[in-house]
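Observations on the model geometry
Spelled out, the chains give:
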Amino acid sequence: MNANRTSYDVIIIGGGMAGISCALELHDSKVDYLVIDDRKNIGGQLADVQCTIRNFAGFVQNGAELRAEVEGLCQRLHIEVLSETNIDRVDLTLKKVFSGSNIFTAKALFLATGYRVRRLVLPESMEFESSYIYDCESNEQLLVGKCVAVVGGGDNALMDALWLAERCPQVLIVNRTNRFKARPDVIRDVQANPRITVLQNSEIMSVSGSGKSIQSIAVKNNQTGACSKQECEFLVVKIGYAPNTELYASQLDLDNGHIKVDARGATDVAGVFAGGDIVAPPYPRLARAAGQGVIAAGAIRDFLSVNS
Ligand SMILES: Cc1cc2nc3c(=O)[nH]c(=O)nc-3n(C[C@H](O)[C@H](O)[C@H](O)COP(=O)(O)OP(=O)(O)OC[C@H]3O[C@@H](n4cnc5c(N)ncnc54)[C@H](O)[C@@H]3O)c2cc1C
């Protein structure tokens, strides 16, 4: 899909659930818009959702199926998407969006650049890259029967540890603080699982191994300073997500990296709206992203009707 103009009434940055929902609503109201996304395919994080989706009222099995449905709908409706285009600079006041030497202008912007996975950066990260796992389910064959350490203390880390404990003889959780941020029922299951060992107040200082394979990790207790060497063949990294808001950081009001918006998605810059995972307070869910995209489209329509 290509853009045939550089000027639109609305430019939507991000073609995930929030951006596409906003586009569908604008399209339905015959508002002139363009979606710009850096990925090859629309849907954003849906491409990474391998697990069953149980909290979204649609008849879908997982992210891939929902993504295909959304893409099919966008193709049938001729939703205007410019894909594989990274926005590297924005001027929110002037409503200008830059991608290399290309400049797009609009009367209103909808920011929906979503989350990215936080990577674990250790001195040896490049050397052992293939032993760092960010998604357990699609690497099941690699992990079965192995000695695995999970880094993190939230829902994703603990649920992965439980999943791993069904397939691996021993699972170590390395958590930086002294308490988990996961759901109480998940914490209880972890604590009751004899295959799982927990190191609280702990951080991985280095990994060592041979070739591209990890054999052990050095863990430091950040309260006592004590170091220990732990056997480990794969490192499952679950240290959370970061909002893609660096582009806008100095131009609008952020709360802990998330954009502050009113009930209809308006930011503190006139004509600039935002939705989905990048919006404060953090609550990364498909239904919220879709809802905020649709609500903001209504607010954008109203904004255009008095500012065009
Ligand atoms: C593994 C996993 C499982 C999940 N499971 C569930 C679940 O079961 N139920 C649920 O409700 N939610 C789930 N979620 C969360 C849900 O997927 C997200 O809340 C939702 O997809 C967010 O949509 P979004 O449109 O805000 O952002 P995204 O989907 O992140 O879309 C943002 C898009 O913007 C693009 N982009 C970013 N920066 C730029 C730039 N500078 N230029 C151009 N494009 C850019 C990104 O590449 C991306 O395509 C899960 C998430 C993950 C990762």
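Conventions used here
Residues numbered from 1 in each chain as written. Predicted model: local features only at pLDDT ≥ 70, side-chain atom pairs only at ≥ 80, totals over all residues. Heavy atoms only, no water. Near = heavy atom within 4 Å. Polar contact = N/O pair within 3.5 Å; in protein donor to acceptor, adjacent residues only side chain to side chain. Areas by Shrake-Rupley, 256 points an atom, 1.4 Å probe, with all protein chains shown as cover. Helix = DSSP H or I, 4+ residues; strand = E, 2+ residues; numbered from the N terminus. Nonpolar A, V, L, I, M, F, W, Y, C, P; charged D, E, K, R; others polar. Pairing = 2+ DSSP bridges. Patch = residues over 30% accessible without salt bridge, like charges linked within 9 Å, V, L, I, M, F, W, Y side chains within 5 Å. Salt bridge = Lys/Arg side-chain N within 4 Å of Asp/Glu carboxyl O. Lys, Arg positive; Asp, Glu negative; His and termini not counted. Charge placed at Lys NZ, Arg CZ, Asp CG, Glu CD. Axes fitted to C-alpha atoms, helices over the stretch in contact; angles between N-to-C directions. Parallel < 35°, antiparallel > 145°, perpendicular 65-115°, else oblique. Left-handed = near helix turned anticlockwise from the far one by under 90°. Contact = heavy atoms within 4.5 Å. Domains from an automatic or database assignment. Buried area = accessible area lost by both parts, 1.4 Å probe.

A few words now on the site of the ligand. Contacts to the ligand come from 31 residues, most closely from D37, D38, Q45, N55 and D277. Between M17 and the ligand, the recorded distance is 3.0 Å, taken from a backbone N or O atom to an oxygen atom. Between an oxygen atom of the ligand and a side-chain N or O atom of Q45, the distance comes to 2.8 Å. Burial of the ligand by the protein amounts to 88% of the accessible area it has alone, namely 1000 Å². At the level of secondary structure, the elements contributing two or more residues to the shell around the ligand comprise helix 1 (17–28) and helix 6 (286–307). Taken together, the residues of the shell around the ligand sort by class into 12 nonpolar, 13 polar and six charged.

Bringing the sheet that holds strand 15 (residues 234–237) into the picture now. Two pairing modes exist for strands in a sheet, parallel and antiparallel, and in both the strands are linked by backbone hydrogen bonds. The five strands are arranged 8-15-9-10-11 in an open sheet whose pairing can be described as parallel. With one partner strand each, in any of the chains shown, strand 8 (132–133) and strand 11 (196–199) form the two edges of the open sheet. Note: strand 9 (residues 147–151) against strand 15, four bridges, orientation parallel. Each residue of the ladder has a partner; that of A149, found in strand 15, is L235.

Attention now moves to a positive patch on the surface. Taken together, the side chains of R118, R176, R179 and K181 present a region of like positive charge at the surface. Along the chain, R118 falls in the loop between strand 7 (115–117) and strand 8.

On to the sheet that holds strand 12 (residues 202–210). Strand order across the open sheet formed by three strands is 12-13-14, with antiparallel pairing between neighbours. The two strands at the open ends of the sheet, each matched to only one other strand, are strand 12 and strand 14 (227–231). Pairwise comparison of adjacent strand axes, ignoring direction, gives a mean angle of 25° for this sheet. Inspection of the sheet shows strand 13 (residues 213–221) paired to strand 14 by five bridges, in the antiparallel sense. Within strand 14, the residue paired with K220 across the bridge is C227.

So, about the packing of helix 1 against helix 6. Each pair of packed helices can be described by the angle between their axes along with the distance between the axes. Interaxial distance between helix 1 and helix 6 falls to 7 Å at its minimum, and their mutual angle equals 40°. With respect to helix 6, the element helix 1 is oriented oblique. The chirality of how helix 1 crosses helix 6 is right-handed. Residues M17, A18, S21, C22, E25 and L26 of helix 1 form the contact with helix 6, whose participating residues are L286, A289, A290, G293, V294, A297, I300 and R301. A per-class count over the contact of helix 1 with helix 6 returns 10 nonpolar, two polar and two charged.

Let us look at the domain arrangement of the protein chain. Segmentation of the protein chain into domains returns domain 1 (7–117 + 241–307) and domain 2 (129–237). For domain 1 and domain 2, the distance between their C-alpha centres works out to 34 Å. Listed as interface residues are four residues of domain 1 and, on the opposing side, five residues of domain 2. For the pairing of domain 1 and domain 2, the buried interface totals around 300 Å² over both sides, and the portion due to carbon and sulfur atoms is 57%. Summed over the shared surface of domain 1 and domain 2, the number is zero salt bridges. For the pair domain 1 and domain 2, the interface holds zero residue pairs in polar contact (both at pLDDT 80 or more). For the side of domain 1 that touches domain 2, a count of residues per class yields three nonpolar, one polar and no charged.

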